[in-house]
Every structure is written in C-alpha cells, then in structure tokens.
Amino acid sequence: MQVGSENLIIERAKEGDMQAVGSIYERYHTPIYRYLYFRTGDHATAEDLTSEVFLRVLRALPEYQTRHTPFQAWLFQIARFLTIDYYRKNNRYQHEELTDTLPAETERTETLVNQQLNAEILNQALDTLLPDQREVVLLRFLIGMPIHEAAQTLHKSEDAIKGLQRRGLMALRDALKEMEITYD
Amino acid sequence: MTDLDNALQSKLNQLENGDALDDVIAGLGEEELELASLLRMVAAVKEVPQPVPAAQNSQVRKTRLLQESEVLRMNKKSTATNVQGKLSDYLIPAFAFSFLIILFMSLAVAGAGLWLYGSQSGRAATMANISGQVEMAASAPSNDWKALGAGDKVPSGSYVRTQGSSSAIMAFADGSQMVLSPNTQVKLVEATQERNGIVKVVIAQQYGTTSHKVIPMREKQSSYVVRTPSGQAFVKGTTFDVSVAQTGVSRFAVNAGSVLVSASNQDVILKAGQTTSTTPGTAPDIPGYQFSLQGTVEAQEENTWLISGISIGILDTTNIFGNPQVGDQVYVDGRVLDGGAWVADLIVPVDGDPISSFTGTVDSIDGENWVVNGHAIYVGEDALVDEGIEVGHRVRVLFTISDGIWVALSITSLEDDPEPDPDPSPTPDPSANPSLSFEPDEIEVYVCEPLLVAATGTLVNTAEGEDDLAEDVQLAYEVIAGASYASAVGLNPDFWTVIAPGESENFEVITQLTEEWASAPAGTEVKIRVTIASENNRPGGHPGRLTVTLVNNCGEEPTPTPTTDPDPTVTPTETPEPTATPDPGEEPICTGANPHPVGMKLAQRYGVTYEEIMGWFCMGFGFGEIDLAYGLSVQTGVPVEEIFQMKMDGMGWGNIKKELNSLPGNGNSSGNPNRGNSNKDKPDKAKPPKPNKP
C-alpha cells in the first residue's frame, strides 16, 4: 500500500467507510499479531490482543492525524501500550511468565540437540534481551519496520535505535549461541 | 552512537536493497568484521517461518471489527440526526420558510467569512484548551476585552490575557504552541506562515508566565521570538518557559534545545536545564542550572536561608510568597551560579513529600555514588536512570533527602537535545572568493509607536565565480547612537551556512525601544550598525556594513485622544479580578495560593493544564509526588492516572517505580544506573478527578 493511497484509506475509515476499515485490518492484522505473539509468547493471547488493538484503533481513529506519526508506527504504539496494560492488569511481568514457560533444564538440553532456528526458539532468545533491545529487534527484523518508524513507535531518536539495534543483535546472538545456534 | 552502529545500519540497508549476504559481508572493513555474525543471524531470522493468526479467527475478528465500525458510524449519524430533530421542534411551519432564508443567508455570510478567514489563516494563532476566563483585545490598555473560546483566532497585533485560575494554549500555524498560565498577558506581535514555509512568531510578554513548545524550523529565515520588558528570547525549535514579574524582571528557563537570550546588547545562550534572568537596563545574568528544592527552612539570615541543609542565596529579585519562617516547609525555584552558589528566584510555602530536582553536569560516576555539580548523589537500584549517561553529560536529577543523603529517584539525560553549530572552526576553501555586501547599506525608519521595530536588510554575495561560496556567515551589530533608547536589539537570522554567488538573504534588525522613546523630541535617532563578523572563505573579512537609523517622529502627527481610558500608563497588573463572589458551581479552592506557582510550573513542565495538576493536589498529593508521577509517566509511558491509582491503592513510591520498571518496554528492569528508558515524551493526559477538598 503506497503512503498516498494509505492516507486516503485512513481518511475514508475515519468517515466510517467499512471497506476502508476492512482494508486496514487486512493490511496490518498479521504484523500486529506477530508482534503480540513475540511479546506474549502465546498464540491465544496474541489473537485476543490483536482484536483489542484494532478495536482501540477504530475508536481512536478520528483523533489520528497522518502528519504527526506514520500510521504503522501509531498502530504499533497502541499495540505496545496494550501489552503493557495486559501485563499490568494481569499483575504479572514478562520475565515471570518467561520463567514459567521455559522448559526445565534437562528438558531444554534434550531439545537443544540439532537446533534449527524457529519462531519458538527465537521467542525464547528474544526474551533474554533487555526490553528496549527486544522491542527494537522485534520491530526492525521481525516486523520489518524502517529505522525512522521504529524510532517514532518507541519515542526514541534514530541514533538511539541504531545503538539498541546493534546491542540487541549481539545479545540475541549470544542467547542463540547458548542454545547451540551459532552464526560465527 | 558508535561508528559500528552506523556501519551495521549501512550493511542492513544493503541487505534490504537485495544485495547478497556474502557480498555484504565481503565488503566489511577490518574493524567491522565483528558485524559478520550479526548480519548472518539477521538473514537467518528473516528466513524463519513467522507465526500467523489462524485464518478462521482472523475472519471472526474482522467481522467483529466491521460490526463495531458500523455501530460507531450509526451513533455518529444518530447524534447529528438528534440535533436536526431538536431544531425542527422549534420550527413551526409558518416560520419555516423565513427560517430557511435566514439560514441560507447566514451560511452564505459564514462561507464568505470562512473564505476570507482561510486566506489569512497563516496570519493568526488559534486558541485551545481554554480554562477559566481568557480574553482578547485589539489594543491594550483597553476595556474592550472579549472572552475567547477554543478554536477562536487571534490576529497579529492582538492582546491576550488570562485571569486568575485560568489558562489557555495559543497554537501557531506550524504546530508550535504557547501555554499561558493564570494572570498572564501577552501581545501577539506577529504570527505568520508564508507559502514558502517561512514561519515568524513574535510575542511580547507583559507579565505572567508562558511555556513554549517550538517546532524545529526548517527554513533558516523562520523565527520565534519572545520579548519581555527586560529581554528577549530567540529560538529555532525547543521548549522553554518565560516568567515576567511586576518589576519587569524576566526569567528564561530552557527545558530542551537551546535559546538565545538578549538584553541590553548582550547575548547569552541557554542550553537544556539552564536558566537566566534579565532586569530592565542590564545584561542577562550568567546562565545557571535550574533547581527546584522542597524542604524545611532551618535558618534565615538576610541574604541566605538554610533549607534542608542547603545554603540558598536570597536576591533582591527573589519572589517570596507569604512569610515563611524557620520550621516551615517551602518550595524553592532557582539556579546554580557559576561559582556553585544556589540562589532562589521563587520561594513559596508548601506541604507534601519533600521531593526536589536540579540540573547539572555529571562530575563522576562510581557505582551507586554519583557526583553531579559537586553534590554527592546516591543512585540506588530503584532510581530510574536514562541510558548512556557519562561523566560530563548534562542531567536533571529528581531526588529526595534522607538522613542528609541525597537519594536519586530519577536521572534524566539532557544530552539528546540539539546543540548549536557543532563545527565552529571549518577550514577555509582557498578556491572560493566570495564578496558580501548589504543592499541597501542604509535604512531609515520613522517611528513613534509601536516600540518594537523590525527593519529588513538584505545581504548579497556579489561574486560571480561558481565556486565563490560564502560559508558560515555570521552577522554582528553595534548601537552607535541613541543607545539609551534601545532596550534590546536582535538580528534574525544572523547566521547562514552558505550564501551562493548571486544569492541574497534577508534578515531583520529588531529593536525594542524604551518607553522614553515616545516622549523624546522628534528627530531623536537610534543608529544600529550591522557588520559581517565572520565568514569562512574570506578570512580577511568583508568590508560591507549596514546602518539602520530609527528616527523619532512622535509629535509630527496628532496623537488620538484617549476617550475610554484616561490613564494609558496604568500597569496591566492592576487589572481587577473579574469577580470576587465565589460561584456556587466553582470548584473548591484548596491550594492556599491561587494560582499556586508550583502548580503552574508543573503544568508547564509536563504540558498539561494547571487544573489537571491542581486536581491531583486537591486530592492530597504533594507537588513532589505529582512531579514524580508525571516524570514516571514520561519515562515509562504508563498513564499518570494509573500511577496515582497505584499510590492510592496503598503502594509506596519505591514499589511503584519497581513495578513500572518491570513492565515490558521499560528498559530499566534491573535498576542498573546505566540502563533506562530515555523516552521524554509528554505523559498521557489522563484527567484527574475534579479538585475536591482533601
């Protein structure tokens, strides 16, 4: 979707055009779901939160102004804060959940034989990163967001994103190495 | 950011552009080889089959979304229909036709008005977030004050004032904003945005407090200027506050970016966290770092008070509310002078938790023991600390004093702010031979009033060679006659990075004349000489100069006789309050001072309304707590309302910080002082409940 045509669709969606709302959903629901999966580590939770993100987007759409923030960055800001709300309301923190969902040590050793990188392993490795690093790696390489949009989504400068990007990738490399997946 | 960060991004760009991984890695320099494994991993990550939502669930979600969309659309339509319905209830058939005629005519007039208005929309400011009594007049002093509402336009030349407990935002065409605090009056001298994108905003602040958020200006001819009776601030994109006391003493405080403050032909540059004061007829004070301190008065001498163990200097200009005594708790707003002395600009009695803040430079970092501006700070695990702070960086420290120890609650970096010219000494280009001159080289302006005069000069590079670029051109000025009538002079702009051969650049010579000018003899002159202070490619200098002469023509034309206001010298601060009788529907006042200066300051700092801050205060939160909550909201992105709720639920501030730190997306989960979230956006504008008596 080109930026110009996207802006048109957004304007139509603001007016209540259901076809335009449907187009926005079709365009973005998979990347939003993907982001939420990697933030929560759970398919069902990611599905529920995806619904909630789009409902929030729909209600907030009349206030959205294209000149302030790229639409994708705005969407992911909503998704990001929704995740924060989710953890807060459920009175649980991501690192606690991580501890619960990680396999036991012996179990892990067995599964590490002949490891191939897949979404589940990647998710486990991502969870060892510092939160800011994880956000940047997730948005940049799993969602494919350009540097400037990641900066706007996370309210940081582009230089800050570049720094977090390199440190995040180094941390991810080290985490994967511990899982016997190396790229040296 | 390191070179490797940039190198990695460059290589990632190549991958995104379709270059083969092996080719990209082969192109790594020796010092970049460590990036090879990262690039291989990125390529592998992108190949990982991504999780996708179940198709059936996606369709269900889409259907729900569209249903919700339809409900919202119908509600909107229903609201409009209801309005129409109510109108029709009042229309009896006999009058229906005439009503429609009147309606049509009204719409036609309104349409014409809108068309006219639209053609001038770049020449006015728009009011927003009106709270309380906010008024506009075409000229001041005037009795012709009219109430303003949200969306009202304020044309250039108008005066706007806020009454007690009132505030408003004035928004400009480029998105810049000025917040007017209670009891403030400004004149909007100029607010224009031309088709070529050049923005010019000039505000004359007569009294009160304003807070400015200026959008970075793309066009070098753009300017945003705030003038006060004792000085003026020139900015290109920043956030800063200006307070003007009844004496004309002005305080300029910069929150982000940098601001040039000029007074009596002297300039100072304020960086983020710094403040200065100007007094009529004198140069600006040397910039000092801001501090806000809340503590107990332990001793009082004539020029020095001891507050929570800190010696605070009291100046003639210090604004002291009430009569604080030893043992009282006070809030102090002030600055740290060059020699390290702390002096107060404002002292006001307060209640609540003693949480304070100051800005300064990091002297040393030794684990949990930091020294900032010579003060030892304990930075424990609970402290929220921005990422990447190093010795020498400018920071804002929010702290509390425990057993005489300054314990950091948060440390925010001020280093991300744009700095002035990063390369002050470029190398001259020997092949360039620019020739700069002023055309014309003399300008004469006859003026009685207004007392703020702008003369436009033009600087031309008359060289003809293609390479004869003039680079880093800096202008300077000197008042060579009638200096006693000029309280301030400014050049805007006064610097260009390049003026190509044959190109010309306009600039303004802005002069603020003293009030004595209006009573000086006709023919009195103020002369200002503008010269080229430096230019990179002609080290010998450029001989061109411009002389601007302001000639007094008061008395040459009869001055209009005032009819409604016999005393034009009346000071605006004598404006009476609109009503002394409490409105039964008025919200209860629980502040002690009205408006409360600390509440105003916090409202400005966080870009929210005064009423919002006082709402929390009236619920029993101290100003220190409010400052802390909004600061946490800024850093973590959690709405401030939820942070206050956590406190109301019985959590201590330490635990609240821990919990917020632990939330995903907040990079300070371990409390490591060198990690953190540098998000400096405004907090969510969660509304507190209406103020009630605590």
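Residues numbered from 1 in each chain as written. Chains lettered and ligands numbered in written order. Predicted model: local features only at pLDDT ≥ 70, side-chain atom pairs only at ≥ 80, totals over all residues. Heavy atoms only, no water.

A. Local environment of the overall build of chain B. Summing up its helical and strand segments, chain B has ten helices and 36 strands in all. The buried share among the 694 residues of chain B stands at 48%. Sequence separation of at least 24 residues holds for 60% of the intrachain contacts in chain B that already meet a minimum separation of 6. Total accessible area on chain B is roughly 32200 Å²; 52% of this is exposed by carbon and sulfur atoms. (Helix = DSSP H or I, 4+ residues; strand = E, 2+ residues; numbered from the N terminus. Buried < 20%, exposed > 50% of the residue type's maximum accessible area, 1.4 Å probe, protein only. Contact = heavy atoms within 4.5 Å. Areas by Shrake-Rupley, 256 points an atom, 1.4 Å probe, with all protein chains shown as cover.)

B. Structural context of the nonpolar core. Residues Phe 71, Leu 117, Leu 172 and Leu 176 of chain A are the most contacted members of the largest nonpolar core, which totals 79 residues. The dominant element in this core, judged by the number of residues it contributes, is helix H2 (residues 18–40) of chain A, at eleven residues. Contacts of Phe 71 of chain A, omitting those with residues within four sequence positions, involve Glu 6, Ile 10, Ile 24, Tyr 28, Val 57, Leu 61 and Tyr 64 of chain A. Leu 384, Trp 616, Phe 644 and Trp 653 of chain B belong to the second largest nonpolar core, which has 34 residues in total. (Core = buried A, V, L, I, M, F, W, Y, C linked by side-chain atoms within 4.5 Å.)

C. Layout of the state of the cysteines. Residue and element names in this part refer to chain B. All told, the structure shown has one disulfide over all chains when counted by the stated rule. With a sulfur-sulfur separation of 2.1 Å, Cys 448 is cross-linked through a disulfide to Cys 554. Linking Cys 448 and Cys 554, the disulfide has an S-S dihedral of approximately 105 degrees and is accordingly described as right-handed. Of this pair, Cys 448 sits in the loop between strand E29 (442–447) and strand E30 (452–461) while Cys 554 sits in the loop between strand E36 (545–552) and helix H6 (597–606); the two residues are 106 residues apart in sequence, bridging distant segments of the chain. Taken individually, Cys 448 and Cys 554 each receive the classification buried, so the pair is uniform in this respect. (Disulfide = S-S within 2.5 Å.)

D. Local environment of the environment of Glu 301 of chain B. Along the chain, Glu 301 of chain B turns up in the loop between strand E17 (288–300) and strand E18 (304–307). Each C-alpha atom of the pair Glu 301 of chain B and Gly 313 of chain B lies 9.6 Å from the other, and the pair is twelve residues apart in sequence.

E. The arrangement of the packing of aromatic side chains in detail. One pass over the structure, following the stated rule, counts 16 aromatic pairs over all chains. On the basis of an interplanar angle of 85 degrees and a centroid distance of 5.6 Å, the ring pair of Phe 358 of chain B and Phe 399 of chain B is categorised as edge-to-face. Of this pair, Phe 358 of chain B sits in strand E22 (residues 355–366) while Phe 399 of chain B sits in strand E26 (residues 394–402), and the two are 41 residues apart along the sequence. The exposure class of Phe 399 of chain B is buried, given its relative accessible area of 0%. Connected via pairs of aromatic rings, a cluster forms that spans Phe 291, Trp 342, Phe 358, Phe 399 and Trp 406 of chain B. Here the guanidinium or amino end of Arg 27 of chain A rests over the ring plane of Tyr 28 of chain A, the centre of that ring lying 4.4 Å away. (Phe/Tyr/Trp six-rings, centres within 6.5 Å; stacked < 30°, edge-to-face > 60°. Lys NZ or Arg CZ within 6 Å of the ring centre and 35° of its normal.)

F. Region of interest: the interface of chain B and chain A. Contacts between the two partners involve 58 residues from chain B and, on the opposite side, 61 residues from chain A. For the pair chain B and chain A, the two sides together bury roughly 5400 Å², of which 61% comes from carbon and sulfur. Put simply, chain B and chain A have two salt bridges between them. For Arg 140 of chain A, the salt bridge goes to Glu 16 of chain B, with nearest N and O atoms at 3.6 Å. Counting every contact that joins chain B to chain A gives ten residue pairs in polar contact (both at pLDDT 80 or more). Broken down by element, the side of chain B that touches chain A gets its largest block of residues, 13 residues, from helix H4 (residues 55–89) of chain B. Counted by class, the side of chain B that touches chain A contains 22 nonpolar, 19 polar and 17 charged residues. (Buried area = accessible area lost by both parts, 1.4 Å probe. Salt bridge = Lys/Arg side-chain N within 4 Å of Asp/Glu carboxyl O. Polar contact = N/O pair within 3.5 Å; in protein donor to acceptor, adjacent residues only side chain to side chain. Nonpolar A, V, L, I, M, F, W, Y, C, P; charged D, E, K, R; others polar.)

G. Just helix H3 (residues 43–60) of chain A, in detail. Residues and elements named next belong to chain A. Here H3 spans 26 Å end to end across 18 residues, near enough to the 26 Å set by a 1.5 Å rise per residue. Those residues of H3 that sit buried are Thr 45, Ala 46, Glu 47, Leu 49, Thr 50, Ser 51, Val 53, Phe 54, Leu 55, Val 57 and Leu 58. Sitting at the head of H3, Asp 42 places a side-chain oxygen 3.3 Å from the backbone nitrogen of Ala 44. (Expected span 1.5 Å × (residues − 1).)

H. Fine view of the sheet that holds strand E33 (residues 495–499) of chain B. Residue and element names in this part refer to chain B. In space, the five strands of this open sheet follow the order E29-E36-E35-E31-E33, with mixed pairing throughout. Looking at which strands have only one partner, the edges of the open sheet turn out to be E29 and E33. Geometrically, the sheet is characterised by an average inter-axis angle of 25 degrees between neighbouring strands, direction not taken into account. Sheet topology places strand E31 (residues 470–481) next to E33; four bridges connect them, and they run antiparallel. From the neighbouring strand, Glu 471 faces E33, where its bridge partner is Val 498. (Pairing = 2+ DSSP bridges. Axes fitted to C-alpha atoms, helices over the stretch in contact; angles between N-to-C directions.)

I. Seen up close, the side chain of Gln 274 of chain B. Residue and element names in this part refer to chain B. With respect to the helices and strands, the residue Gln 274 is situated in strand E16 (residues 274–278). Polar side-chain contacts of Gln 274 include one of 2.9 Å to the backbone nitrogen of Lys 271. Here Gln 274 is in contact with Phe 252, Ala 253, Val 254, Ile 269, Pro 287, Gly 288, Tyr 289 and Gln 290, once residues within four sequence places are set aside.

J. Fine view of helix H9 (residues 147–154) of chain A. All names here are of chain A. For H9, a buried count of six out of eight residues is recorded, marking the element as mostly surrounded by other parts of the structure. What H9 keeps buried is the set Ile 147, Glu 149, Ala 150, Ala 151, Thr 153 and Leu 154. Phi for His 155, located one or two positions after H9, is positive at around 55 degrees.

K. Geometry of the environment of Lys 271 of chain B. Residue and element names in this part refer to chain B. Structurally, Lys 271 is set in strand E15 (residues 266–271). The class of Lys 271 is partly exposed, set by a relative accessible area of 32%. With 15 residues separating them along the chain, Lys 271 and Ala 256 place their C-alpha atoms 7.3 Å apart.

L. Fine view of the confidence of the model for chain B. Residue and element names in this part refer to chain B. Of all residues in chain B, 76% have pLDDT values of 70 or greater, and the mean over the chain is 73. Ignoring residues within four places in sequence, the model shows residues 557–593, a span with pLDDT below 50, making 35 contacts including any to other chains. Under a pLDDT of 50 for its full length, residues 667–694 has, in the predicted model, 106 contacts with residues more than four places off or in other chains. The ipTM, which scores confidence in the relative placement of chains, is 0.82 for this predicted complex, and the corresponding pTM is 0.41. (pLDDT = per-residue confidence, 0-100.)

M. Here's a closer look at a negative patch on the surface. Residues and elements named next belong to chain B. Together, Glu 439, Asp 441, Glu 442 and Glu 444 line one region of the surface with negative charge. Mapped onto the secondary structure, Asp 441 falls in the loop between strand E28 (436–438) and E29. On the accessibility criterion, Asp 441 (46% relative accessible area) is partly exposed. (Patch = residues over 30% accessible without salt bridge, like charges linked within 9 Å, V, L, I, M, F, W, Y side chains within 5 Å. Lys, Arg positive; Asp, Glu negative; His and termini not counted. Charge placed at Lys NZ, Arg CZ, Asp CG, Glu CD.)

N. The pairing of strand E12 (residues 239–244) of chain B, seen in detail. Residues and elements named next belong to chain B. Where strand E9 (residues 199–213) and E12 come together, six bridges link them in antiparallel fashion. Across the sheet, residue Gly 208 finds its bridge partner in E12, namely Val 244. Strand direction decides the pairing type here: E12 and strand E13 (residues 250–256), joined by six bridges, are antiparallel. When the sheet's bridge partners are listed, Val 244 is paired in E13 with Ser 250. From the end of E12 to the start of E13, which pair antiparallel, there are five residues, and Gly 248 there has a positive phi angle of about 90 degrees.

O. Region of the structure containing the pattern of salt bridges. Residues and elements named next belong to chain B. Evaluation of the coordinates by the stated rule reveals 17 salt bridges over all chains. Salt-bridge contacts for Lys 46 lead to Glu 16; the nearest nitrogen and oxygen are separated by 4.0 Å. Residue Lys 46 is found in helix H3 (residues 35–47), and its partner Glu 16 is found in helix H1 (residues 3–16); the two are separated by 30 residues along the sequence. Assessed through its relative accessible area of 38%, Lys 46 is described here as partly exposed. Linking Arg 335 and Asp 285 is a salt bridge whose minimum nitrogen-to-oxygen distance equals 3.3 Å. With Arg 335 in strand E20 (residues 329–336) and Asp 285 in the loop between E16 and E17, this pair connects stretches of sequence that are 50 residues apart. Residues participating in the shared-partner salt-bridge network are Arg 251, Asp 285, Arg 335 and Asp 345.

P. Spatial organisation of unusual backbone geometry. All names here are of chain B. Omega for the peptide link from Glu 439 to Pro 440 comes to -5 degrees, which places this bond in the cis form. For Pro 440, the position within the fold is in the loop between E28 and E29. Despite not being glycine, Asn 183 shows a phi value in the positive range, around 55 degrees. Mapped onto the fold, Asn 183 is located in the loop between strand E7 (177–180) and strand E8 (184–193). We classify Asn 183 as partly exposed; its relative accessible area is 29%.

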